[in-house]
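If you want the building blocks of each chain, they are given just below.
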Amino acid sequence: MSPQVSLKWLPALLLGVFSGAVGASGFQLLEQGSGLGNAYAGSAAKANDASTIFWNPAGMTKLQAIEASGGLTAVKTSYKFHDQGSQVGQFGPGGRMRAGEGGDAGTWGYLPNGYLSWALNKDLYIGLGIGAPFGLKTKYDDPWRGSAQSNEFDIKTININPSIAFRVNEMVSLGAGVSWQKIEADYYRRVAINNAGPLALPQVTSHMSIDDDAWGWNIGALFTLSPATKIGISYRSTIQYHTEGKVKLSGDGTLAGNRTAIALRNAGGASDVKADLKVPDTFILSVDQKLSDRWQLLGDISWTGWSSIKNVDIYRDSGPQAGALAQRLDADFQNTYRFALGAIYTLSDAVKLQFGLAYDQTPVKGSTTRLTSLPDNDRTWFSLGAQWKPAKEQTLELGVAYLYIKDPKINKNETTVNPLTNRGTVTGEYDASAWILGAQYSLAF
């Protein structure tokens, strides 16, 4: 394979790796480096290793001449739906198929990250970070009562973030970066019509795929008020996507299913599509306070501008229905806050213990705007971790977090998406939770 061909496929290969279940509220991923054991408290202030490039690039001025950091996080989400009277056309009385509650729509996701920082001189640093700031995957047992709204939803991102930092003086450092970010989304659902009888079409699956890449930026400042006190602030911009993709329709292998899929394709149901999506900006205020030789306290207040996502309108861009609305994801997100508190206890020169607690608001306003593809709600983090230094220049950090998610209620009505479809009303409640396991290794030269 030639170098040109290898480079052409590199973003697609990386996206296959940088994907997974959602770890923070909405479809944001906080698993961008060290700090899981502290529930990522103090993220913009502590500047312990090269992963500060993502949280606050100004923190590079606290690192040694060359530092590298890399890690892997595993996220296991669980979303178990319990029906409370859903009304979905093709699965109602007289429908052609009996459907269940979808099993566990949660799944495992694996999120690697990598960072490299180096000093050009004692005050000027540059760095490079690679991670996945957004991601989501839900997958129900097919068919289920909400199959007309969603069977599977998968969002993948990759973010490449070159950065620079400058030490103004002993108290103030500034940093900035640019981000090239790529997104891919795949959405599967069953096709339905407004009829629960013999004309219902549960045997046809719609697969919508879209993708795009775009640019964003981030800035940060670090204030060292004393040897024991650091305050960090950082901002990461919105990124505007103009995605393009396709809708494909497939039957279930039966004669009736295949004929129906062909008829729908000929009517314009399969086509090119396009959609605009603006992923949110974030602002973080962090504190790192050394209380004694043994104890260190970390705190975070962060804000995420989820109101950048209201309705995601996906339009057909080819065929006899060109210009028509193919799909609307009526999310109507609201802005959110996250509050995190962490502590580090120095057990010895080689070992530190980490503790963390966080409250993470959901961008979902309520049951009527909660999507089956994203059954999210407010979550509380309980985190533990340990840091081990086998040598002065090496650090291994292990962390685990349990996320208690307040049981999400849903009453999502999609009976009037357009005159030809009935995706019904999904009514019920989810049992939801998540586990996060992470490891990060850092090396200084």
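The present account deals with the structure reproduced in this document. Bear in mind that the values here come from a model prediction, so they are computed numbers and not experimental data.

## A closer look at the side chain of Asn151
Now for step 1: Mapping Asn151 onto the fold places it in the loop between β4 (136–139) and β5 (152–167).
Now for step 2: What makes Asn151 buried here is its relative accessible area of 5%.
Now for step 3: Separated by 3.2 Å, the side chains of Asn151 and Asp142 make a polar contact.
Now for step 4: Side chain to side chain, Asn151 and Trp144 meet in a polar contact 3.5 Å long.
Now for step 5: In this view, Asn151 contacts Thr138, Lys139, Tyr140, Asp142, Trp144, Tyr188, Arg189 and Arg190; residues no more than four positions away in its chain are not counted.

## Considering the environment of Arg259
Now for step 1: For Arg259, the location among the structural elements is in helix α3 (residues 255–266).
Now for step 2: Distance from Arg259 to Val204, taken between C-alpha atoms, is 9.6 Å for residues 55 residues apart in sequence.

## Points about the packing of aromatic side chains
Now for step 1: This structure, assessed with the given rule, holds 17 aromatic pairs.
Now for step 2: Centroid distance Tyr40 to Trp381: 6.1 Å. Interplanar angle 85 degrees. Geometry classified as edge-to-face. Taken as a pair, Tyr40 in the loop between α1 (3–17) and α2 (52–55) and Trp381 in strand β17 (residues 379–391) lie far apart in primary sequence, 341 residues in all.
Now for step 3: A relative accessible area of 0% places Trp381 in the buried class.
Now for step 4: What links up through ring pairs into an aromatic cluster is the set Phe27, Phe134, Trp306 and Phe333.
Now for step 5: We note Arg236 situated over the ring of Phe54; from NZ or CZ to the ring centre the distance is 4.2 Å.
Now for step 6: Across the ring face of Trp381, the terminal group of Arg338 is positioned such that the distance to the ring centre comes to 4.6 Å.

## A few points about the pattern of salt bridges
Now for step 1: Within this structure, the stated rule accounts for 18 salt bridges.
Now for step 2: We note a salt bridge from Arg145 to Asp83, for which the minimum N-O separation is 3.4 Å. You can see Arg145 sitting in the loop between β4 and β5 and its partner Asp83 sitting in strand β1 (residues 66–83), a full 62 residues away along the chain.
Now for step 3: Relative accessible area serves as the criterion here: at 27%, Arg145 is assigned to the partly exposed category.
Now for step 4: The class for Asp83 is partly exposed, based on a relative accessible area of 24%.
Now for step 5: Between Arg328 and Asp313 there is a salt bridge, with the nearest N and O atoms lying 2.6 Å from each other.

## Some remarks on empty space enclosed by the protein
Now for step 1: Tallied over the entire structure, the rule returns 6 cavities of 30 Å³ or more.
Now for step 2: Looking at the largest cavity, its volume works out to about 370 Å³.
Now for step 3: Along the wall of the largest cavity there are 33 residues; nearest its centre are Gln28, Leu30, Phe54, Thr282 and Ile284.
Now for step 4: Of all the elements in the fold, those that place two or more residues in the lining of the largest cavity are α2, β6 (172–190), β7 (205–226), β8 (229–236), β11 (282–290), β12 (295–304) and β15 (336–346).
Now for step 5: A class-by-class count of the residues in the lining of the largest cavity yields 15 nonpolar, 14 polar and 4 charged.
Now for step 6: Considered as a void within the structure, the second largest cavity measures approximately 310 Å³ in volume.
Now for step 7: Those elements that provide at least two residues to the lining of the second largest cavity are β5, β6, β7, β10 (271–279) and β13 (311–316).
Now for step 8: Of the residues contributing to the lining of the second largest cavity, the split by class is 19 nonpolar, 3 polar and 3 charged.

Analysis parameters
Residues numbered from 1 in each chain as written. Predicted model: local features only at pLDDT ≥ 70, side-chain atom pairs only at ≥ 80, totals over all residues. Heavy atoms only, no water. Helix = DSSP H or I, 4+ residues; strand = E, 2+ residues; numbered from the N terminus. Buried < 20%, exposed > 50% of the residue type's maximum accessible area, 1.4 Å probe, protein only. Polar contact = N/O pair within 3.5 Å; in protein donor to acceptor, adjacent residues only side chain to side chain. Contact = heavy atoms within 4.5 Å. Phe/Tyr/Trp six-rings, centres within 6.5 Å; stacked < 30°, edge-to-face > 60°. Lys NZ or Arg CZ within 6 Å of the ring centre and 35° of its normal. Salt bridge = Lys/Arg side-chain N within 4 Å of Asp/Glu carboxyl O. 1 Å grid on protein atoms, 1.4 Å probe; cavity = no way out; pocket = protein on both sides within 12 Å on 5 of 7 lines; lining within 4 Å. Points joined across faces, edges and corners; volume = space filled by probe spheres on them. Nonpolar A, V, L, I, M, F, W, Y, C, P; charged D, E, K, R; others polar.

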